[in-house]
Amino acid sequence: MSGRLHIDIPAVEEAAKLLYIRALKLLPDDIKRGFGRLDAAETDGTAKTILATMIENIAVAEKTDNLLCQDTGIPIFNVEIGRDVEVDGVELKDAIRRGTARATKEYPLRSSVVHPLTRKNEHTSSGIRVPVINIDFVDRPQTLRIEMIPKGSGSENGSFLKMLIPADGIDGIKTFVIDRVMEAGGKVCPPTIVGVGIGGTSDLCMHLAKVAATRALGSVCEDPEGAKLEALLSNAVNALGIGPQGLGGDGTAFAVHVETAATHITMNPVAINIQCHSARRASATFTPSGVEIGF
Amino acid sequence: MAHHVFQMPVDEAQARKLRVGDTVTFSGSLFGIRDATQIHMFDRGRKARFDMRGHAVIHTAPNVRKVPLSNECPAGYQPVCVGTTTSDRMERFTHPLMAQYGVRFVIGKGGLREASAAAFREIGGAYLAVIGGTAALETTWIERILDVDLDDLNPESLWHFQVRDFGPLLVAMDSHGGSIYERVRETAAGRRAAALAALGVKA
Ligand code: SF4
């Protein structure tokens, strides 16, 4: 198709509002399947009951049209802009902010966002630099995709960064992952997706951990070296016996996801960001044929 | 492993009957409390006006809708989605909640640590685990929001809920020194070496 895709700013505002509310209510199918898988493999009685309750909660949220979890999180919007897209970037960001505030006021949602020093809540789920808006460019024709992630604090508080050194090697990375998953225990609402960032600078490393934690279950790290680690680490964390909610059992994590970036000869950074079992996402894809809402 | 059904409030003897692994369902009053609520109560000297003696508190900050006063909504708030937050951040408030306000049960997710275990032992109380992230279900156990205090901290106000058949909740820490979290920590620590060996990490 030739021509340009023009992005209508009021449509972005509507989408931002809709995505925030939708993400809080409906879990993606890959996460639902993840529950099924863990439940089938679980050998601990208490853990099985807990998983069954979590699965029931997903159904209750759908039936009562309610939020899955009370934590409305920190709103994150990942925007991917394809080729031949015409959009005013400043207006796009403003529209996302307005949509977020409207979702909060009009639904109404609990605003979980406060000023970091005064702790004042504006009751808009917004503040300085929040919602977090990440913008990237992708090689796709006439497409703009907005992904919304309400990131819960219980799991976000399970974030760790360590500037390992080259002599610590991959062993240092593996040990760090095991030890931090143990430290996080039940606080991060297991079963989780453990996101691991490896390489880059400190800030990129942390960002990669978030990308890894919020990736769909079943997706694999594009770097084959990272993919190998994912499989190994997934088995290892589920051998620790932490279990759903940290009350014991096999199902500690749906998966460990890894993302990598090149790093400096003197550096070996590793970061962890954890996503809880309320692994919520929603997306809107703008194309010449309209706006498609999904996960 | 017994199941206990309570009409709140409870006394010390009832609280001490609970053992780790038991389950609890209760009806009546429940008080919602969170980080800011307790920071203001215990670090900034504000006094809560509710009588919480013998009651349960839950670590929460609910989604609510502001509505006109009615019998259904006597505080002008309707519950939208009420769930539970991570308890660990509020560890240091368990003792004063019990000693100063007579609270018997703390409900939360993810568990508490040694100072809380000591308070449960000394004063007689328990930690009841609700399954974090299952707020849609939890909300169906809430009948009404009866009252609210310290509401300038909204959503981290002190909430007075009326609940029916709230649970089943798992007794995860009791007044006899039992803690499932402690047991799981020991299990994980015991399995750490094997997990690292399976990853090919040289000891
Ligand atoms: S960690 Fe996740 S599931 Fe648990 S309470 Fe927070 S948002 Fe909900």
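Quantities reported herein were computed from a predicted structural model and do not represent experimental measurements. Residue positions are given per chain, counted from 1 along the sequence in the order it is written. Ligands are numbered from 1 and chains lettered from A, in the order in which they are written. Reporting in this predicted model follows two pLDDT cut-offs: at least 70 for local features of residues, and 80 or more for side-chain atom pairs to be given and counted; totals over whole chains, interfaces and linings ignore these cut-offs and use all residues. Hydrogens and waters are ignored; side-chain quantities use all the structure's heavy atoms.

**Section: the overall build of chain B**
To be explicit about the condition: Put simply, DSSP H or I for four residues or longer makes a helix, DSSP E for two residues or longer makes a strand, and each gets a number counted from the N terminus. Our radius of gyration looks at C-alpha atoms and nothing else; its globule reference is 2.2 Å times the residue count to the power 0.38. Two residues qualify as a contact provided that any one of their heavy atoms is within 4.5 Å of a heavy atom in the partner residue. Using a 1.4 Å probe, accessible areas were evaluated by the Shrake-Rupley method; residue-level cover was limited to the displayed protein chains. Charge counting treats Lys and Arg as positive and Asp and Glu as negative, with His and both chain ends excluded. A single reference atom marks each charge: NZ on Lys, CZ on Arg, CG on Asp, CD on Glu.
A count of helices and strands for chain B gives six helices and nine strands. Whereas a compact globule of 203 residues would reach a radius of gyration of roughly 17 Å, chain B reaches 18 Å, a difference of no more than 12%. Viewed in the frame of its principal axes, chain B has a C-alpha envelope of about 65 × 35 × 35 Å. Partitioning the contacts of chain B with sequence separation of at least 6, the portion at a separation of at least 24 is 67%. Accessible surface, chain B as shown: approximately 8,000 Å² in total, 51% of it carbon and sulfur. Mean positive and mean negative side-chain charge positions of chain B (24 and 22 charges, respectively) differ by 4 Å.

**Comments concerning the pairing of strand β9 (residues 268-275) of chain A**
Residues and elements named next belong to chain A. For the record, the criterion: Partly exposed residues are those whose accessible area sits between 20% and 50% of the maximum for their type, while under 20% is buried and over 50% is exposed, using a 1.4 Å probe and protein chains only. Strands are treated as partners if at least two bridges between them are detected by DSSP.
Along β9, eight of the eight residues are buried, which leaves the element largely enclosed by surrounding structure. Across five bridges, the pairing between strand β6 (residues 160-164) and β9 is antiparallel. Looking at the pairing, Leu-161 lines up with Ala-271 of β9. Pairing of strand β7 (residues 192-199) with β9, which is carried by six bridges, proceeds in the antiparallel orientation. Paired with Gly-197 across the strands is Ala-271, a residue of β9.

**A closer look at helix α4 (residues 114-124) of chain B**
Residue and element names in this part refer to chain B. For clarity, the cut-off: Directions are taken from the helix axis to each C-beta atom, and the arc is the one they span.
Among the residues making up α4, those that are buried are Ser-116, Ala-117, Ala-119, Phe-120 and Gly-124. Take α4 and look down its axis: the buried residues cluster within an arc of 160°, on one side only. Summarising the geometry of α4, the exposed residues directed more than 90 degrees from the buried face are Glu-114 and Glu-122. Buried residues belonging to α4 abut α1 (12-17), α3 (94-101), β6 (105-108), β7 (126-129) and β9 (158-173).

**Here's the deal with the packing of aromatic side chains**
Put simply, the rule is: Think of it this way: a Phe, Tyr or Trp ring, Trp meaning its six-membered ring, pairs with another when their centres are within 6.5 Å, and the plane angle makes it stacked under 30 degrees, edge-to-face over 60, tilted otherwise. Geometrically, a lysine NZ or arginine CZ counts as sitting over a ring once it is within 6 Å of the ring centre and also within 35 degrees of the ring normal.
If you walk through the whole model with that rule in mind, you get nine aromatic pairs over all chains. Centre to centre, the rings of Tyr-77 of chain B and Trp-159 of chain B are 5.1 Å apart; their planes meet at 75°, and the pair counts as edge-to-face. Placement of Tyr-77 of chain B in strand β5 (residues 77-81) and of Trp-159 of chain B in strand β9 is noted, with a sequence separation of 82 residues between them. Here a set of aromatic residues connected by ring pairs shows up, and it is made of Phe-26, Trp-141 and Phe-166 of chain B. Its end group placed over the ring of Phe-295 of chain A, Arg-22 of chain A keeps NZ or CZ at 4.6 Å from the ring centre. Of note, Arg-180 of chain A hangs over the ring of Phe-160 of chain A, and the distance from its end group to the ring centre comes to 5.8 Å.

**Some thoughts on the side chain of Ser-283 of chain A**
Threshold: Under the rule applied, a polar contact is a pair of N or O atoms within 3.5 Å (in protein, one hydrogen donor and one hydrogen acceptor; residues adjacent in sequence only if both atoms are side-chain atoms).
Looking at the element boundaries, Ser-283 of chain A is found in strand β10 (residues 282-287). For Ser-283 of chain A, the side chain forms a polar contact with the main-chain oxygen of Phe-295 of chain A, separated by 3.0 Å.

**Topic: unusual backbone geometry**
Of the consecutive residues Tyr-107 of chain A and Pro-108 of chain A, the connecting peptide bond is found in the cis state with omega at -5°. Going from Met-8 of chain B to Pro-9 of chain B, the amide bond is cis rather than trans, its omega being 5°. Relative to the elements of secondary structure, Pro-9 of chain B occurs in the loop between β1 (3-7) and α1. Here His-123 of chain A, not a glycine, exhibits a phi torsion of approximately 55°, which is positive. Looking at where His-123 of chain A falls in the secondary structure, it is placed in the loop between α4 (89-106) and β4 (132-141). Take His-123 of chain A: its relative accessible area is 31%, and that puts it in the partly exposed class. Within the chain, Leu-150 of chain B stands out as a residue other than glycine whose phi angle is a positive 55°. Along the polypeptide, Leu-150 of chain B turns up in the loop between β8 (142-149) and β9.

**A look at the site of the ligand**
This is how it is decided: Neighbouring residues are identified by heavy atoms, a residue being near a molecule or strand if any of them is within 4 Å of it. Domain segmentation is taken from an automatic or database assignment of domains.
Around the ligand, the structure places Cys-69, Asp-71, Gly-152, Gly-154, Ser-155, Cys-189, Cys-276, Ser-278 and Arg-280 of chain A together with Thr-84, Lys-109 and Gly-133 of chain B. More than one chain reaches the ligand: its neighbouring residues belong to chains A and B. No fewer than three residues from each of domain 1 (5-25 + 68-152 + 280-294) and domain 2 (154-275) of chain A sit in the shell around the ligand.

**Looking at a nonpolar patch on the surface**
Heads up, the condition is: Patch construction takes residues with relative accessible area above 30% that form no salt bridge. Like charges are linked within 9 Å, and nonpolar side chains (Val, Leu, Ile, Met, Phe, Trp, Tyr) are linked within 5 Å. A carboxyl oxygen of Asp or Glu within 4 Å of a side-chain nitrogen of Lys or Arg is what we treat as a salt bridge.
On the surface, Leu-18, Val-291 and Ile-293 of chain A cluster together to form a nonpolar patch covering roughly 230 Å² of accessible area. Structurally, Val-291 of chain A is set in strand β11 (residues 290-294).

**Notes on the sheet that holds strand β5 (residues 144-151) of chain A**
Residues and elements named next belong to chain A. Formally: The axes used here are C-alpha line fits, helices contributing only the stretch in contact, and every angle between their N-to-C directions lies in the interval 0 to 180 degrees.
Reading across from one edge, β4-β2-β5-β10-β11 is the order of the five strands in this open sheet, with mixed pairing throughout. Every other strand in the sheet has two partners, leaving β4 and β11 as the edge strands with one partner each. The mean angle between the axes of side-by-side strands here comes to 15°, regardless of whether they run parallel or antiparallel. When strand β2 (residues 74-83) meets β4, the two strands line up parallel, connected through seven bridges.

**A word on the domain arrangement of chain A**
All names here are of chain A. Test applied: Here the buried area means the combined drop in accessible surface, using a 1.4 Å probe, for two parts upon being joined, counting both sides.
Examined at the domain level, chain A breaks down into domain 1 (5-25 + 68-152 + 280-294) and domain 2 (154-275). Each of domain 1 and domain 2 has a C-alpha centre, and the two are 26 Å apart. Across the boundary between the two partners, domain 1 contributes eight residues, which contact eleven residues of domain 2. Together domain 1 and domain 2 conceal approximately 620 Å² of surface at their shared face, both sides included; 50% is due to carbon and sulfur atoms.

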